[in-house]
Structures are given as structure tokens and as C-alpha cells.
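Structural features, examined
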Amino acid sequence: HHVTKLYPSLVPLRTEEDWCHELMGLSLKNIEITIKNKKGKKVYSDFGEMLFTHFGVSGPLVLSASSYYSAQLAKWTKKNEKKKLSRPECRIELNLKPALTAEQLDKRLLREFDSQKNKNFGNAIDGLFPARLIPVMLELSGIEPEKKVHEITKQERQKFAALIRKLPMKVEKTGEFAEAIITRGGVYVKDVNPSTMESKRLPGLYFAGEVLDVDALTGGFNLQVAWSTGYLAGTSAAGS
């Protein structure tokens, strides 16, 4: 039987940015995550909850995103295996305020700044983010924390708004197999009879669950695959 290449899936993602480590344990809700490839093409995008870890990002939203990254990795490896390239270049963009359009976010910042004109920039954004995220946003903004709000230019404000909508991270790789909920890859499904789960190559041999090259997003779908194929393989084997 042919077994397709295995990859960790539904797994945390490791990122290159050091500031992710500083946010370990911080959970963000109601945010949007987008993964893009080297050419800027959208690979995955969804809305939900995520978590920063000591090596990158995790949480329900990231686990689902990792499935698409693993699929991208599989295509990349097959295409570039002779070049010995280890991974596709992908980046994550976090939209911290997905409920607001770019125009609405700019107006929100204007209101915040107008009400705190004489404050330092570093003290004027505490209503926008969780406390632990503020130092990171200050550093990435390029605006001096001690700069007075009324001195911030329109260009600086718009650049800060763009950062809020597209907080960038570069994916280094996925977590290891031990961290993954499932694996991507396995026994080639075209060699298995889907009505009985019996091998087309060797009668009397049955396959079920994660040993097959079948995977799905988080949400109980992989458990359903395991139960359904296990039941079918068992009853088919007993019947034969």
C-alpha cells in the first residue's frame, strides 16, 4: 500500500517573531486571522479565538488554520522536493478589530485621540487592547510612547490603524507530531473500498480512522471519521 507523506495537522504554529513569546498565555477573542502565501494569495481566513504561546500561536482559530498551512506545505514539498526547500513562505495577518472597517477604525482612533490630546501616546491606547498587548503594539507602531497625542500625524495614525488590521507574523513551521490533534496523510484512499473499508490490494485487510489519508477541521469531524470508518470496517470484516 502506498502511504502519502505525513504532516502534523490541527497543530499550533511556530512563528519567527520574538514578541509572540512575550505574550505567552494571552488569549484574544473575536479576532480575524488570515494566512497568505509568498505571492500574497489568501490561503485561509476565519474569525474566532486564538492564544499566544512561548513559540508562536495556538487556539481553535490557529488549529484550523494549520490544516490549510499543512496542505500548502504538502503541495510545496511535492513541487520543490528536488530543491530541498523545507517549507512554503507564509505569513499570518491578525485583524484585532474585524468588526470595524478601515474607515470606522480611523474614526475610532480619532475619537480616542481627541479625548486624550495632551496624553502621551503610550497612555492613550489602553482602551484599545489587552494590557499585555500594548507594549508590543507600541513597539511595532514606530511611534514614540512619550509622544503627545496631539503631535501624532495623520500618516502615523493611519499606519497605526493598518497595523491593528494587519498585525503581521511569519510562520516558521508547524508544531511537532506530539502537539498535533491529527496527522495529514496516510494510506492512499483510492486503494481502499469506501463501501467496506477493505483493501483493494489485499482482501481481508481493512483500514479505519487516522491511518487513512483523510483529515478534517476541528469540531468533531475527525472523531466522526474515526467512528464511522471503524464501525464500517468492523461490520464488513465480521460479515466477510
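This section reports on the structure supplied with the text. (Residues numbered from 1 in each chain as written. Predicted model: local features only at pLDDT ≥ 70, side-chain atom pairs only at ≥ 80, totals over all residues. Heavy atoms only, no water.)

1. Topic: the sheet that holds strand β7 (residues 167–174)
Condition: Two strands form a pair only when DSSP identifies at least two bridges running between them. Runs of E in the DSSP output that reach at least two residues are strands. Runs of H or I that reach at least four are helices, and both are numbered from the N terminus. To obtain each axis, a line is fitted to C-alpha atoms, and for helices this fit is confined to the stretch in contact; angles are then taken between N-to-C directions over 0 to 180 degrees.
Strand order in this closed barrel of six strands is β2-β5-β4-β3-β6-β7, and the pairing throughout is antiparallel. Strand after strand, the sheet turns through a mean of 45 degrees between neighbouring axes, direction not considered. Sheet analysis places strand β4 (residues 42–52) next to strand β5 (residues 56–58), joined by two bridges and oriented antiparallel. The partner of Leu 51 across the bridge, within β5, is Ser 58.

2. Quick word on the pattern of salt bridges
When charged atoms on two side chains of opposite charge get close, those side chains can pair. The following threshold applies: Salt-bridge detection follows one rule: a side-chain nitrogen of Lys or Arg within 4 Å of a carboxyl oxygen of Asp or Glu. For the exposure calls, accessible area comes from a 1.4 Å probe over protein chains only, and a residue counts as buried if that area is under 20% of its type's maximum, exposed if over 50%, partly exposed in between.
Enumeration according to the criterion identifies ten salt bridges in this entry. Among the salt bridges present, the one from Lys 36 reaches Glu 93, with a minimum N-O distance of 3.5 Å. Of this pair, Lys 36 sits in strand β3 (residues 27–37) while Glu 93 is found in strand β6 (residues 90–95), placing the two residues 57 residues apart along the sequence. Under the relative-accessibility criterion, Lys 36 is labelled buried at 15%. By relative accessible area, Glu 93 is classed as buried at 10%.

3. A few points about the packing of helix α5 (residues 134–141) against helix α6 (residues 154–165)
What counts is decided by this rule: Each angle receives one of four descriptions, namely roughly parallel if under 35 degrees, roughly antiparallel if over 145, roughly perpendicular if within 65 to 115, and oblique otherwise. Put simply, a crossing is left-handed when the front helix is turned counterclockwise from the back one by less than a right angle, and right-handed when it is turned clockwise. Two residues form a contact once any of their heavy atoms are found within 4.5 Å. In the scheme used here, Gly and all other residues not listed as nonpolar or charged are polar, with Ala, Val, Leu, Ile, Met, Phe, Trp, Tyr, Cys and Pro taken as nonpolar and Asp, Glu, Lys and Arg as charged.
Packing of α5 against α6 brings their axes to within 10 Å, and their N-to-C directions diverge by 130 degrees. Taken as axis vectors, α5 and α6 run oblique relative to one another. At the point where α5 passes α6, the crossing takes the right-handed sense. Contacts between α5 and α6 involve Met 137, Leu 140 and Ser 141 from the first element and Lys 159, Phe 160, Leu 163 and Ile 164 from the second. In terms of residue class, the contact of α5 with α6 is built from five nonpolar, one polar and one charged.

Purely spatial values, then, with no claim about function.
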